[in-house]
Amino acid sequence: QVQLVESGGGLVQAGGSLRLSCAASGSIVRSDDMGWYRQAPGKQRELVATITRGGSTNTADSVKGRFTISRDNAKNTVYLQMNSLKPDDTAVYYCNADLWTDISSHMRYWGKGTLVTVSS
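Rules used throughout
Residues numbered from 1 in each chain as written. Predicted model: local features only at pLDDT ≥ 70, side-chain atom pairs only at ≥ 80, totals over all residues. Heavy atoms only, no water. 1 Å grid on protein atoms, 1.4 Å probe; cavity = no way out; pocket = protein on both sides within 12 Å on 5 of 7 lines; lining within 4 Å. Points joined across faces, edges and corners; volume = space filled by probe spheres on them. Buried < 20%, exposed > 50% of the residue type's maximum accessible area, 1.4 Å probe, protein only. Helix = DSSP H or I, 4+ residues; strand = E, 2+ residues; numbered from the N terminus. Pairing = 2+ DSSP bridges. Axes fitted to C-alpha atoms, helices over the stretch in contact; angles between N-to-C directions. Polar contact = N/O pair within 3.5 Å; in protein donor to acceptor, adjacent residues only side chain to side chain. Contact = heavy atoms within 4.5 Å. Salt bridge = Lys/Arg side-chain N within 4 Å of Asp/Glu carboxyl O. Phe/Tyr/Trp six-rings, centres within 6.5 Å; stacked < 30°, edge-to-face > 60°. Lys NZ or Arg CZ within 6 Å of the ring centre and 35° of its normal.

Comments concerning the layout of surface pockets
Okay, so step 1: Considered as a void within the structure, the largest pocket measures approximately 170 Å³ in volume.
Okay, so step 2: Lining the largest pocket are 13 residues, and of these R38, K43, E46, D88 and D89 lie nearest its centre.

What to know about the pairing of strand β7 (residues 67-72)
Okay, so step 1: Of the two faces of β7, the one lined by F67, I69 and R71 is fully buried and the one lined by T68, S70 and D72 carries no buried residue.
Okay, so step 2: Between β7 and strand β8 (residues 77-82), which pair antiparallel in sequence order, lie four residues; one of them, N76, sits at a positive phi of approximately 50°.

Notes on the sheet that holds strand β1 (residues 3-7)
Okay, so step 1: Strand order in the open sheet formed by four strands is β1-β3-β8-β7, with antiparallel pairing between adjacent strands. Taken across any chain shown, the strands that pair with only one partner, and hence form the sheet edges, are β1 and β7. On average, adjacent strands in this sheet sit at an angle of 15° to one another, irrespective of strand direction.
Okay, so step 2: In this sheet, β8 lies alongside strand β3 (residues 18-25) in antiparallel orientation, the contact comprising six bridges. Considered in β8, the bridge of L18 is made with M82.

Regarding the side chain of R66
Okay, so step 1: Relative to the elements of secondary structure, R66 occurs in the loop between β6 (57-59) and β7.
Okay, so step 2: A residue is classified by how much of its surface remains accessible, and R66, at 11% relative accessible area, is buried.
Okay, so step 3: Within the structure, R66 has its side chain in polar contact with the backbone oxygen of S84 (distance 2.9 Å).
Okay, so step 4: When sequence neighbours within four positions are dropped, the list of residues in contact with R66 reads Q81, M82, N83, S84, L85, K86 and D89.

Regarding unusual backbone geometry
Okay, so step 1: The backbone of N76 shows a phi angle near 50°, a positive value even though the residue is not glycine.
Okay, so step 2: Notably, S84 is not glycine yet its phi reads approximately 50°, a positive angle.
Okay, so step 3: You can see S84 is positioned in the loop between β8 and β9 (91-102).

Thoughts on the pattern of salt bridges
Okay, so step 1: The full count for this structure, using the stated rule, is five salt bridges.
Okay, so step 2: Here D32 makes a salt bridge to R30, at a shortest N to O gap of 2.5 Å.
Okay, so step 3: Measuring nitrogen to oxygen at the nearest pair gives 2.7 Å for the salt bridge that ties R38 to E46.
Okay, so step 4: Relative accessible area serves as the criterion here: at 6%, R38 is assigned to the buried category.
Okay, so step 5: Of the residues examined, E46 reaches a relative accessible area of 36% and is grouped as partly exposed.
Okay, so step 6: Taken together, the salt bridges that share partners define one network made up of R38, E46, R66 and D89.

What about the pairing of β8?
Okay, so step 1: Of all the six residues making up β8, five are buried; the element is thus mostly covered by neighbouring parts of the structure.
Okay, so step 2: In the sheet, β7 pairs with β8 via six bridges, with the strands oriented antiparallel. Its bridge partner being in β8, D72 is matched across the sheet by T77.

What about the packing of aromatic side chains?
Okay, so step 1: Applying the stated criterion across every chain yields a total of one aromatic pair.
Okay, so step 2: Between Y37 and W110 the ring centres are 5.1 Å apart and the planes differ by 65°, which places this aromatic pair in the edge-to-face class. Of the two residues, Y37 is situated in strand β4 (residues 30-39) and W110 in strand β10 (residues 105-110); the sequence distance between them amounts to 73 residues.
Okay, so step 3: On the basis of relative accessibility, which here comes to 40%, the residue W110 falls in the partly exposed class.
Okay, so step 4: Positioned over the ring face of Y79 is R19, at 4.1 Å from the centre of the ring.
Okay, so step 5: Sitting above the plane of the Y94 ring, R45 keeps its charged end 3.7 Å from the centroid.

Worth remembering: the numbers are spatial, not functional.
Dropping the structure here:
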């Protein structure tokens, strides 16, 4: 069974840093686009950053210059380095990935989320 497992969330003071990880496990042939989304209380889920298999990135304006997405293709893992955190960054962060389970079949998967809380 294919799944995405996030880790690295927690409580941090404003100005601090956290590093999120998301590892894909199961019968995976390859991973294509991977990314992070977040959902704050009472708000819709929004894109934080995405990265292609080749390393091209797309980052939301709200976190540009503070958050960096990266990946390890051999480990089917994506990371999100979050610096200079603000209380507005408080949210559940979800991992998303386009995963191939055989040479002709792929689909997008979501992780269950990891909570990031930034105190002022």
